[in-house]
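Read off the chains here:
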Amino acid sequence: MSTTTITDLVAACAGVFGLAAYVGLILVPAWGSYSRAWERLAATVLSLYVLGVFVGAGVLAALLAVYLWG
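Numbers given to residues run from 1 along each chain, matching the order in which its sequence is written. At least 70 in pLDDT is required for a residue's local features to be given in this predicted model, at least 80 for side-chain atom pairs to be given and counted, and no such filter applies to totals for whole chains, interfaces and linings, which use all residues. For the side-chain quantities, the full set of heavy atoms in the structure was used; hydrogens and water were omitted.

(A) Region of the structure containing the side chain of S47. A run of H or I in DSSP becomes a helix once it reaches four residues, and a run of E becomes a strand once it reaches two; helices and strands are each numbered from the N terminus. Within the secondary structure, S47 is located in helix α2 (residues 37-69). Per-residue accessibility, obtained with a 1.4 Å probe over protein chains only, is compared with the maximum for each type, and a residue is labelled buried under 20%, exposed over 50%, and partly exposed between these values. Given a relative accessible area of 5%, S47 falls into the buried group. Among the polar contacts listed, one links the side chain of S47 to the side chain of Y22, at a separation of 2.9 Å. Note on contacts: a residue pair is in contact if any heavy atoms of the two residues lie within 4.5 Å. Among residues more than four places away in sequence, those in contact with S47 are Y22, I26 and L27. Throughout this description, a polar contact denotes any pair of N or O atoms lying within 3.5 Å of each other; where both atoms belong to protein, one of them has to be capable of donating a hydrogen while the other can accept it, and for residues adjacent in sequence the pair is counted only when both atoms sit in side chains.

(B) Geometry of the pattern of salt bridges. One speaks of a salt bridge when a side-chain nitrogen belonging to Lys or Arg is within 4 Å of a carboxyl oxygen belonging to Asp or Glu. Scanning all chains against the criterion turns up 1 salt bridge. Put simply, E39 and R36 hold a salt bridge, and the shortest N to O gap is 3.8 Å.

From the geometry alone we can't say anything about function, so treat these as descriptive.
Below is the structure:
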């Protein structure tokens with residue numbers, strides 16, 4: 001396996017595991033907290049903000065690591 005293939009595999013696994021964690025730890029509890037369809041839809045949309053914060057924090061941490069590495 002080449003280094004690029006390993007990097008792609010790690011990135012794909014991190015994306016899949018991250019999405020699974022989002023669904024299992026954020027989306028499912030938000031969905032289960034409400035009984036009406038519009039409330040569940042609103043909770044789903046608002047939970048996307050939480051996902052955006054997590055992605056942004058990850059990007060900032062990665063940029064900081066790259067900056068401090070070099």
